[in-house]
Amino acid sequence: IASVPATRTLVPFSASEITNNGDEIFQLTSDGGEFGVERKEIEAAEPQEFPNDMIFEQEPVQIVNSILPLYLNGQILRTLQESVASELAARMQSMQSASDNAGELARNLSMEYNRARQAAVTQEILEIVAGAIALE
């Protein structure tokens, strides 16, 4: 798990981008265990012709002004959710490492205990044999 800072465009508005530029699609991929982003450009859709009798209830500026706060709230919420997900992933990784370390420590202690017990049994057998040889 890595924490790499990234820069994102929250509002893709600029005077040059409002024209007939194409769209971009970004897709998150993993190649050989490494995350990457594939970028694909598609052609801009042709402008639609509206019938002459179609009436817009609001000006485009009013629509943008009403949608923009919702869009920004969504982007901030997504960023916060990614932050929480990243924190939980880091916690899971650290707990996995702690569990692995505890298991390894238990195996090492068990092996050390078994060696000490085996040495004590061997020492007792040697004392018994030495005593039997001394009685002869």
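Residues numbered from 1 in each chain as written. Predicted model: local features only at pLDDT ≥ 70, side-chain atom pairs only at ≥ 80, totals over all residues. Heavy atoms only, no water.

**Side note on the overall build of the protein chain**
Basically, it comes down to this: Each helix is a run of H or I in the DSSP string that is no shorter than four residues. Each strand is a run of E no shorter than two, and both are numbered from the N terminus. Partly exposed describes any residue whose relative accessible area lies between the buried limit of under 20% and the exposed limit of over 50%, with all areas from a 1.4 Å probe on protein chains only and scaled to the type maximum. Contacts are assigned to residue pairs with any non-hydrogen atoms lying within 4.5 Å of each other. Computed with a 1.4 Å probe, the accessible areas rest on the Shrake-Rupley method; for each residue, only the protein chains presented here act as cover.
Summing up its helical and strand segments, the protein chain has 1 helix and 2 strands in all. For the protein chain, the succession of helices and strands along the chain, N to C, is β-β-α. Counting all 136 residues of the protein chain, 1% fall into the buried class. Taking contacts inside the protein chain between residues at least 6 apart in sequence as the whole, the part at least 24 apart equals 40%. For the protein chain, the computed accessible surface area is about 12,700 Å², with 58% contributed by carbon and sulfur atoms.

**A short note on a nonpolar patch on the surface**
For clarity, the threshold we go by: The residues that make up patches have over 30% relative accessible area and no salt bridge, and they are joined within 9 Å when like-charged or within 5 Å when they are Val, Leu, Ile, Met, Phe, Trp or Tyr. What counts as a salt bridge is simple: a side-chain nitrogen of Lys or Arg found within 4 Å of a carboxyl oxygen of Asp or Glu.
Nonpolar side chains collect at one region of the surface, where Phe 26, Leu 28, Phe 35 and Val 37 lie side by side and expose about 510 Å² of accessible area between them. The topology assignment puts Phe 35 in strand S2 (residues 34–42).

**Structural notes on helix H1 (residues 60–135)**
Test applied: Multiplying 1.5 Å by the residue count of a helix minus one yields the expected span of that helix. The term bend refers to the angle at a residue between two fitted axes, each drawn through seven residues, those ending there and those starting there.
Over its 76 residues, H1 runs 111 Å from end to end, which matches the ideal 112 Å to within 8%, given 1.5 Å per residue. The largest bend along H1 measures about 25 degrees and falls at Ile 67, with the proline Pro 69 one to four residues further on.

**Thoughts on the pattern of salt bridges**
If charged atoms from side chains of opposite charge come close, those side chains can pair. Going through the model one piece at a time under the given rule, you end up with 2 salt bridges. Among the ionic pairs, Glu 82 bridges to Arg 78, the shortest N-O distance being 3.2 Å. Residue Glu 82 and its partner Arg 78 are located together in helix H1, separated by 4 residues, close to a single helical turn. Between Arg 91 and Glu 87 there is a salt bridge, with its nearest N and O atoms 2.8 Å apart.

**Let's talk about the environment of Thr 29**
Secondary-structure assignment places Thr 29 in strand S1 (residues 23–31). On the basis of relative accessibility, which here comes to 22%, the residue Thr 29 falls in the partly exposed class. Those residues in contact with Thr 29 that sit more than four places away from it in its chain are Glu 34, Phe 35, Gly 36, Val 37 and Glu 38.

**Concerning the confidence of the model for the protein chain**
A low pLDDT score tells you not to read the predicted coordinates there in detail. So the rule is basically this: What pLDDT expresses is the predictor's confidence in each residue, scored from 0 to 100.
Residues with a pLDDT of 70 or more make up 83% of the protein chain, whose mean pLDDT is 82. Within the protein chain, the lowest mean pLDDT, 74, falls on S1, and the highest, 92, falls on H1.

**What about the side chain of Gln 75?**
Rule in force here: Polar contacts, as counted here, are pairs of nitrogen or oxygen atoms within 3.5 Å of one another; within protein the pair requires one atom able to donate a hydrogen and one able to accept it, and residues that are adjacent in sequence qualify only if both atoms are side-chain atoms.
Mapping Gln 75 onto the fold places it in helix H1. Gln 75 gets classed as buried once you look at its relative accessible area, which sits at 14%. A polar contact is formed between the side chain of Gln 75 and the side chain of Arg 78, at a distance of 2.8 Å.

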